[in-house]
Every structure is written in structure tokens, then in C-alpha cells.
Amino acid sequence: MEDYEPPSDDSDDDGKRRKKKKKDPNAPKRNQSAFFIYSNTHRATVKQNNPDASFGDIAKIISKLFKALSEKERSKYDKLALEDKARYQREMAAYKGA
């Protein structure tokens, strides 16, 4: 603390925040993880079985179900996630090359 020098008054940032860079609407959608793919396929069923559950409660239920999957079932969703990752990489390469 002895060597601390407060920023000078003529600094460049003037105490303002940087503006967030806007996303390009033409950019490809990000790849989904195995959990999100599982969640999208099972959300309607879980919501139907638990109609009074909140959004957070449904997410907790889906998380417990996903963690309890066997290796065989889990590998199915991992494979789908890898395919989606390859799709994203292909689309990004085409997007950046264009």
C-alpha cells in the first residue's frame, strides 16, 4: 500500500463503463451441452408431472434425473452434444469465411 498511486484525473476512461458489443443476428447459434439437450427433451414431461413446480424447481428435478442416467443413456446425449458442436464449428467456419 505504500507504493499505491491513485489514478490521475486525466485518465482515458472518465469512469464510464464500456459499451457491450452487440451480437450479430446472422451469427450461428452456440452449441448445446448434453444437459441442455436432455433438458429440452424432458422438460415438457417433468412440467406435466409437476404442474405446480416453478421454473427453478423443474430445473432441479431435471438435473437430478440427468445425474441419475446410466452410462448408456448418458452417452446418447453426449453424442448428440458432439454432433451439435461439430455443426456449430462448421457454421462458424462458414460464417467467418464469408
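For the structure itself, look to the data block above.
The text that follows walks through the structure, step by step, so that each part is easy to find. (Residues numbered from 1 in each chain as written. Predicted model: local features only at pLDDT ≥ 70, side-chain atom pairs only at ≥ 80, totals over all residues. Heavy atoms only, no water.)

1. Examining the overall build of the protein
Scanning the protein from N- to C-terminus turns up three helices and zero strands. Ordered by position in the sequence, the α and β elements of the protein form the string α-α-α. Relative to its length of 98 residues, the protein is extended, with a C-alpha radius of gyration of 22 Å against a globular reference of 13 Å. Taken along its principal axes, the extent of the C-alpha atoms in the protein is 60 × 40 × 30 Å. Residues counted as buried form 16% of the 98 residues belonging to the protein. Considering only intrachain contacts with a sequence separation of at least 6, the fraction spanning at least 24 residues in the protein is 72%. (Helix = DSSP H or I, 4+ residues; strand = E, 2+ residues; numbered from the N terminus. Rg over C-alpha atoms; globule rule 2.2 N^0.38 Å. Buried < 20%, exposed > 50% of the residue type's maximum accessible area, 1.4 Å probe, protein only. Contact = heavy atoms within 4.5 Å.)

2. Some details on helix α1 (residues 34-49)
In this model, α1 (16 residues) spans 22 Å end to end at C-alpha, consistent with the 22 Å of a helix rising 1.5 Å per residue. At histidine 42, α1 shows its maximal kink, close to 50°. Regarding α1, the residues found buried are Ala34, Ile37, Tyr38, Ser39 and Val46. Packed against the buried residues of α1 are α2 (55-67) and α3 (71-97). (Expected span 1.5 Å × (residues − 1). Bend = angle between axes of the 7 residues up to and from the residue.)

3. Regarding the layout of surface pockets
Left-over empty space is what a probe sized like a water molecule reveals as it rolls over the atoms. The volume enclosed by the largest pocket comes to roughly 260 Å³. Together, Lys21, Lys22, Lys23, Asp24, Pro25, Ala27, Pro28, Lys29, Arg30, Tyr88 and Met92 line the largest pocket. Each residue belonging to the lining of the largest pocket can be placed in one class, and the counts come to five nonpolar, no polar and six charged. (1 Å grid on protein atoms, 1.4 Å probe; cavity = no way out; pocket = protein on both sides within 12 Å on 5 of 7 lines; lining within 4 Å. Points joined across faces, edges and corners; volume = space filled by probe spheres on them. Nonpolar A, V, L, I, M, F, W, Y, C, P; charged D, E, K, R; others polar.)

4. Considering α3
End to end, α3 covers 38 Å across 27 residues, agreeing with the expected 39 Å (1.5 Å per residue, within 8%). The set of residues buried in α3 consists of Tyr77, Ala81, Asp84, Arg87, Tyr88 and Met92. Packing partners of the buried residues in α3 comprise α1.

5. Things to note about the nonpolar core
In this structure, Ala34, Ile37, Tyr38, Val46, Ala53, Ile58, Ile62, Phe66, Tyr77 and Ala81 together form the largest nonpolar core, which totals 10 residues. Among the elements that line this core, the one with the most residues is α1, at four residues. Not counting the four nearest positions on each side in its chain, isoleucine 58 is found in contact with Arg43, Val46, Lys47 and Ala53. (Core = buried A, V, L, I, M, F, W, Y, C linked by side-chain atoms within 4.5 Å.)

As far as function goes, none of this settles anything; it's purely spatial.
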